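Structural description and commentary
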Amino acid sequence: MFGGGGGGGSLLLKLKSLVLNNKEEAKPIARSLPDELFHEIFKRLPVKSTLTCKCVTKTWFSIISDPDFVKLQLNYTLKFNDDSRFILSGYDSKIHEDLVYITEHSLFSTTEFYDKAVVTEKHHPLKSAKLVSILGSFNGLVCLLHHSNVTEFCFSLWNPATKEYKRIPDSPYSTTIHWPAYFCYGYKNDDYKLVSARTCRGTPSFLVYVYTLRSNSWKTLETKPYSLGNLDGILSNGAVHWISQTPKVIVSFNISDETFEEMQHPGELMEKTMNPHSHLVLKVLEGCLCVILLPFNKAWVMREYGVWESWTEHQNKTANKYKHLKWSSENGECLIYSEGTDLVLYGPKHSGARRLKFGSRDVYSYIESLVSLNSGIYLGRKEVIRKRRRGIWRKVLK
C-alpha cells in the first residue's frame, strides 16, 4: 500500500510534506485518515519534526507516544539510515571544558560533503561538571561520565534528540565503579546496561558491576578467577571482552545473559605472547572482534564470532595503526587517533586520508530515536549552542 512506486507512494510523500509544512491544514486530515497511514509518515520524519507533530492533535500525540510506535520508528531508522553519523566529545582549551558534538550527516558521503560538513555542539546534561566522557551510544541513547576531578564523578543517560536525560543513581559500590565502563544494550531482554570491572587486590580475579536501566539499580556479580592485565575491554557481538593474563585467554561477559565465557587466542599468537616485551589489545575491526599484538602492530580478526578456526590475520595495511583505531565499519572505513586527539578518516572509497579540524577523545556511532528513559526530565530549549558550517576537514594526508 505504501510502496516506493505507484499512487500509494505519491500520496505518502504529499501527506508527509503537508505534515511538515502546514500544521493547521493537517488537522482535518488527522481526523479523516487511518492511524496506520500516519505510522508510515511519522516513522520517516526526523525526530525533531515528529515531536512537533505531537503538538498538532491529541490523536497524533497518542500515536507518537505509543511505545509500539517508538519501536517502529527505531527499527525503520536502524534499517534505512547508515551508521556513519557520530557523537563526539573533546576538550576545548579556550573555555577549559569538554564539549559534545553530533555530526549532522554521514562522514562518508560524497566528496562535496567535505566542504559543507556540519557538526552541532550539543548542550549536554549536568554541564556544571566541566569534564565529560562518552561511554557509548545505542538506539539514540547516550551514556555520559561527568567528572570534576578524579574522585568526584557521576553517570547519566541522555537522548540528544528528545533532550530527555536521567542521572544514574550512585552505586553502593561507588568507590569501585569507575572508568573504563561500558554502556551496552541487551538485545534479548531489550534493556540498557552500564558495565564496570574491578580487579581484586591481592588475588588473580576480578569483579563485574552492572547497572540496568529497567531496574534503575546496580548489582555485583560473582568473582571470576582471571587476572586482567588492565581493565581496557571492548564491546563486540553483545558482549564485553577483556584480555586475561592468567590464564592467557579472552574473557567475555554476555550483556543479555550476564554470563562469562572464555575464548582462545589465535594460534599464531600463542608463542608470540610469551615474549615479555609484547602485549595484546582488543578492538573491533570491520565489525569483528580483533586482537592486536603490540609493539609489532599485527592484527587478527575473528570472522565468525565464537569460532576459533575463523581467526584470520588482517592484511589490509591502509590504516595500519591498529593501536589507535577508534571506530571501524564492516566495509573497511576507519577512524583512527593521530597526534593525540586528532581523528583521521581512512576509507576504501577515498584515495587518501582526512583529518578532522577539531580534536576528539571519544567517538561513537549515533542515530536519532524517540526511545524514552521514562525520567520525565528534559533539558531546556537552548539545545544547540552553535553549528560549524565550515569544512571540518584539514588538508588531505598523503
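Quick caveat, the model's predicted, so the values are computed rather than measured.

Description of the overall build of the chain
When helices and strands are tallied, the chain shows seven helices and 26 strands. If you take every contact in the chain between residues at least 6 apart in sequence, the share linking residues at least 24 apart comes to 51%.

Focus: the sheet that holds strand β9 (residues 191–199)
Pairing in this open sheet of four strands is antiparallel, and the strands run β8-β9-β10-β11 from one edge to the other. With one partner strand each, in any of the chains shown, β8 (181–186) and β11 (217–220) form the two edges of the open sheet. The sheet shows a mean angle of 25 degrees between the axes of neighbouring strands, direction not considered.

Things to note about the nonpolar core
Grouped together as the largest cluster of nonpolar side chains are 49 residues, with contacts concentrated most on Phe42, Phe183 and Leu194. With near-sequence residues (within four places) excluded, phenylalanine 183 lies in contact with Leu135, Gly136, Ser137, Phe138, Leu141, Cys143, Leu157, Tyr192, Lys193, Leu194 and Leu235. Residues Val210, Val249, Val251 and Ile255 belong to the second largest nonpolar core, which totals 18 residues.

Describing helix α6 (residues 67–80)
Taking 1.5 Å of rise per residue, the 14 residues of α6 would be expected to cover 20 Å, and the 20 Å separating its terminal C-alpha atoms lies within 8% of that figure. All of the buried residues along α6 are Phe69, Val70, Gln73, Leu74, Tyr76 and Thr77. For α6, the arc enclosing every buried residue in end-on projection is 160 degrees, short of the 170-degree limit, so these residues lie on one face. Exposed and facing more than 90 degrees away from the buried side of α6 are Pro67, Asp68 and Lys79. Looking at the buried side of α6, the elements it contacts are α3 (35–42), α4 (47–53) and α5 (58–65). The backbone nitrogen of aspartate 68 lies 2.9 Å from a side-chain oxygen of the residue at the head of α6, namely aspartate 66.

Some points on the pattern of salt bridges
Under the defined criterion, the tally for this structure stands at eight salt bridges. Between arginine 167 and aspartate 170 there is a salt bridge, with its nearest N and O atoms 3.6 Å apart.

Section: the pairing of strand β23 (residues 342–346)
With five of five residues buried, β23 is to be regarded as a mostly interior element. As judged from the five bridges shared by strand β22 (residues 334–338) and β23, these two strands associate in the antiparallel manner. Looking at the pairing, cysteine 334 lines up with tyrosine 346 of β23. Two elements, β23 and strand β24 (residues 353–355), share three bridges in a ladder whose sense is antiparallel. Its bridge partner being in β24, valine 344 is matched across the sheet by arginine 355.

What to know about the environment of threonine 203
Structurally, threonine 203 can be placed in the loop between β9 and β10 (206–212). Separated by 24 residues in sequence, threonine 203 and serine 227 place their C-alpha atoms 7.9 Å apart. Within the structure, threonine 203 has its side chain in polar contact with the side chain of serine 205 (distance 2.8 Å).

What about unusual backbone geometry?
Cis peptide bonds are those with omega within 30 degrees of zero, and the linkage from threonine 246 to proline 247 qualifies with -10 degrees. Phi angles above zero are rare outside glycine, and asparagine 216 is one such case at about 55 degrees. The topology assignment puts asparagine 216 in the loop between β10 and β11. Unusually for a residue other than glycine, glutamate 286 sits at a positive phi of about 55 degrees. By secondary structure assignment, the location of glutamate 286 is in the loop between β17 (279–285) and β18 (288–294).

Re the packing of α3 against α5
For the pair α3 and α5, interaxial distance at closest approach is 11 Å and the crossing angle is 65 degrees. Read as a crossing pair, α3 and α5 show a hand that is right-handed. Facing α3, whose interface residues are Asp35, Phe38, His39 and Phe42, α5 presents Thr59, Trp60, Ile63 and Ile64. Classifying every residue of the contact of α3 with α5 by side-chain character gives five nonpolar, two polar and one charged.

Things to note about the side chain of aspartate 362
With respect to the helices and strands, the residue aspartate 362 is situated in strand β25 (residues 362–365). The class for aspartate 362 is buried, based on a relative accessible area of 8%. A polar atom in the side chain of aspartate 362 sits 2.7 Å from the side chain of serine 89. Within the structure, aspartate 362 has its side chain in polar contact with the backbone nitrogen of isoleucine 134 (distance 3.0 Å). Residues contacting aspartate 362, with those up to four places away along its chain left out, are Ile87, Leu88, Ser89, Val132, Ser133, Ile134, Lys326 and Tyr337.

Considerations on the sheet that holds β23
Sheet architecture is open: four strands sit in the order β21-β22-β23-β24, paired in antiparallel fashion. In this open sheet, the two strands that pair with only one neighbour each are β21 (325–328) and β24. With direction set aside, neighbouring strand axes in the sheet form an average angle of 25 degrees.

Some remarks on the confidence of the model for the chain
Chain-level pLDDT for the chain is 79 on average; 75% of the residues reach the 70-or-more range. Under a pLDDT of 50 for its full length, residues 1–8 has, in the predicted model, seven contacts with residues more than four places off or in other chains. Taken together, the stretch residues 110–116 has pLDDT below 50 and engages in 15 contacts with residues farther than four places along the chain or on a different chain.

Cut-off values and rules
- Residues numbered from 1 in each chain as written.
- Predicted model: local features only at pLDDT ≥ 70, side-chain atom pairs only at ≥ 80, totals over all residues.
- Heavy atoms only, no water.
- Helix = DSSP H or I, 4+ residues; strand = E, 2+ residues; numbered from the N terminus.
- Contact = heavy atoms within 4.5 Å.
- Pairing = 2+ DSSP bridges.
- Axes fitted to C-alpha atoms, helices over the stretch in contact; angles between N-to-C directions.
- Core = buried A, V, L, I, M, F, W, Y, C linked by side-chain atoms within 4.5 Å.
- Buried < 20%, exposed > 50% of the residue type's maximum accessible area, 1.4 Å probe, protein only.
- Expected span 1.5 Å × (residues − 1).
- Arc of directions from axis to C-beta.
- Polar contact = N/O pair within 3.5 Å; in protein donor to acceptor, adjacent residues only side chain to side chain.
- Salt bridge = Lys/Arg side-chain N within 4 Å of Asp/Glu carboxyl O.
- Left-handed = near helix turned anticlockwise from the far one by under 90°.
- Nonpolar A, V, L, I, M, F, W, Y, C, P; charged D, E, K, R; others polar.
- pLDDT = per-residue confidence, 0-100.

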